[in-house]
Amino acid sequence: MSPERDAAVFAGLHAVRAVEATGATRWEVRHGCWEGSRPLTHLSFDEYAHAKDHFYADSGSVVVSSDGRLVWAHVRGPLEGEGDTEDDQELWMVLDATDGKTLGRVDTMTVASGSEHTPHPDPAQMGLSIGEGEEGSPVLWGRWDGQHLTAESLGIEQILLGVSPSGRHLLAVPVGQWSLCLHQVDDGSVLRELDAEDTVPPHPGSTGEGRVYWDCEAAFVGEDTIVAGTSECDARYESVRHWLVDVHGMALTGQILYPFPVSGPARSAGNGTWYTVSEDATSVHLWALAEETGTAPPAIRQT
């Protein structure tokens with residue numbers, strides 16, 4: 001959203017665009033086409049209207065900073081005005097949320113099939129997970145000092161899941177999804193890990209086949225507590241499980257018992273809450289721990 005909360009920002013095939021509530025475009029930053037064929041930039045829809053590859057193009061991502069003043073965008077070059085050069089390097093950019101002006105940019109040196117941002121409480125910091133298909137999954141951590149954007153690698157086979165409320169810790173999972181990894185933001189070092197296979201009890205419906213692994217989404221619900229799921233590997237048994245994890249020891253402390261069956265992973269909703277989406281994708285349910293709400297919360301079963 002814009003600083004005034006009256007516009008939303010979208011990442012598209014050819015542009016990052018801020019759109020007002022009326023549907024009018026407030027600003028846009030045009031960039032190279034994510035489909036990748038020549039020319040890299042298009043002047044009109046007619047140029048690609050019948051190109052089937054554009055329906056299955058790769059993609060970038062965009063997010064507004066925690067204070068609403070910056071837009072962080074992962075796009076494909078070149079930017080409009082730079083010409084249809086051979087330099088189609090992917091760019092990570094910081095934009096002014098008010099008018100879309102480019103404030104800083106770095107080459108990511110990636111070939112993305114998709115990406116996702118992980119916001120930090122400090123608007124000048126941001127995480128970016130980039131999926132490169134079978135080629136890898138690099139994670140970048142960006143810092144904006146008001147004049148320059150810098151980015152450092154946190155690994156080439158990781159997916160960022162979230163940032164703790166204080167901003168001191170990152171949660172990630174390797175592409176194999178076998179362990180939750182707690183990182184220190186300052187230097188990216190791994191502090192503790194929690195292996196799924198050695199920790200999570202077998203599903204009640206399990207007959208011993210298949211391995212247990214973590215979802216690619218999780219939620220910090222406090223500085224000391226994470227809600228993480230094994231819904232992806234549990235789905236074969238038609239019921240999924242979410243778990244409470246103690247950050248200090250990276251230990252499983254209990255299974256969450258919901259008042260009705262849920263589906264999919266636990267996703268962060270901020271302010272100590274998380275949400276789930278119904279199996280038919282028609283409902284979103286918001287959850288909080290019992291200690292923090294007087295309403296009917298999910299129960300916790302100790303393990």
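Treat the numbers as computed from the prediction; the structure is a model and nothing was measured. (Residues numbered from 1 in each chain as written. Predicted model: local features only at pLDDT ≥ 70, side-chain atom pairs only at ≥ 80, totals over all residues. Heavy atoms only, no water.)

### Considering unusual backbone geometry
Cis geometry marks the peptide bond from Gly77 to Pro78; its omega dihedral reads 0°. Tracing the backbone shows Pro78 in the loop between strand S5 (70-76) and strand S6 (90-96). For Glu238, which is not a glycine, the phi torsion comes out positive at approximately 65°. Structurally, Glu238 is set in the loop between helix H2 (231-234) and strand S18 (242-246). (Helix = DSSP H or I, 4+ residues; strand = E, 2+ residues; numbered from the N terminus.)

### Describing the environment of Pro119
Checked against the element boundaries, Pro119 lands in strand S8 (residues 114-119). Taking relative accessible area as the criterion, Pro119 reaches 41% and is therefore assigned partly exposed. Expressed as a C-alpha distance, the spacing of Pro119 and Gly162, which sit 43 residues apart in the sequence, is 7.8 Å. Not counting chain neighbours up to four residues away, the residues in contact with Pro119 comprise Val63, Met126 and Val163. (Buried < 20%, exposed > 50% of the residue type's maximum accessible area, 1.4 Å probe, protein only. Contact = heavy atoms within 4.5 Å.)

### With respect to the pattern of salt bridges
The tally for this structure, following the rule as stated, stands at eight salt bridges. The salt bridge involving Glu152 is made with Arg143; its shortest N-O contact spans 2.6 Å. What makes Glu152 partly exposed here is its relative accessible area of 31%. On the basis of relative accessibility, which here comes to 25%, the residue Arg143 falls in the partly exposed class. The salt bridge involving Arg168 is made with Glu223; its shortest N-O contact spans 3.7 Å. You can see Arg168 sitting in the loop between strand S12 (158-163) and strand S13 (169-174) and its partner Glu223 sitting in the loop between strand S16 (218-220) and strand S17 (225-229), a full 55 residues away along the chain. (Salt bridge = Lys/Arg side-chain N within 4 Å of Asp/Glu carboxyl O.)

### Considerations on the pairing of strand S4 (residues 61-64)
Alternating positions in S4 separate into two faces, Ser61 and Val63 on one and Val62 and Val64 on the other, with burial throughout. Bridging between S4 and S5 involves four bridges; their strand directions are antiparallel. Bridge pairing links Val64 to Val71 in S5. Connecting S4 to the antiparallel partner S5 that follows it, the hairpin turn spans five residues, and Gly68 within it adopts a positive phi of roughly 75°. (Pairing = 2+ DSSP bridges.)

### Examining the pairing of S8
Both S8 and strand S9 (residues 125-131) contribute to a ladder of six bridges, which runs antiparallel. Note on S9: the bridge partner recorded for Ser115 is Ile130.

### So, the nonpolar core
In terms of nonpolar packing, the biggest core is built from 22 residues, with Leu171, Leu180, Trp214, Ile226 and Val245 touching the most fellow members. Every element with two or more residues in this core is listed here: S12, S13, strand S14 (179-184), S16, S17 and S18. Setting aside anything within four residues of it in sequence, one finds Ile226 in contact with Leu171, Ala218, Ala219, Phe220, Trp243, Leu244, Val245 and Val247. Counting 15 residues, the second largest nonpolar core, distinct from the first, contains Ala18, Trp27, Val71 and Leu95. (Core = buried A, V, L, I, M, F, W, Y, C linked by side-chain atoms within 4.5 Å.)

### Digging into the sheet that holds S9
Pairing in this open sheet of four strands is antiparallel, and the strands run S8-S9-S10-S11 from one edge to the other. Here the strands that pair on one side only, and so sit at the sheet edges, are S8 and strand S11 (149-155). Strand after strand, the sheet turns through a mean of 25° between neighbouring axes, direction not considered. (Axes fitted to C-alpha atoms, helices over the stretch in contact; angles between N-to-C directions.)

### So, the side chain of Glu132
Turning to its location among the elements, Glu132 is positioned in the loop between S9 and strand S10 (139-144). Look at Glu132: it is buried, it has no salt bridge, and the nearest opposite charge is Arg76 at 12 Å. Of the polar contacts made by the side chain of Glu132, one reaches the backbone nitrogen of Val111; its length is 2.7 Å. With residues near it in sequence (within four places) discarded, Glu132 still touches Thr110, Val111, Ala112, Ser113 and Pro138. (Lys, Arg positive; Asp, Glu negative; His and termini not counted. Polar contact = N/O pair within 3.5 Å; in protein donor to acceptor, adjacent residues only side chain to side chain.)

### Re the side chain of Gln177
Following the sequence through the fold, Gln177 ends up in the loop between S13 and S14. Gln177 sits in the buried class, given a relative accessible area of 9%. In contact with Gln177, not counting residues within four places along its chain, are Arg211, Tyr213, Trp214, Asp215, Cys216 and Glu232.

Such coordinate-based values are descriptive only and should not be taken to indicate function.
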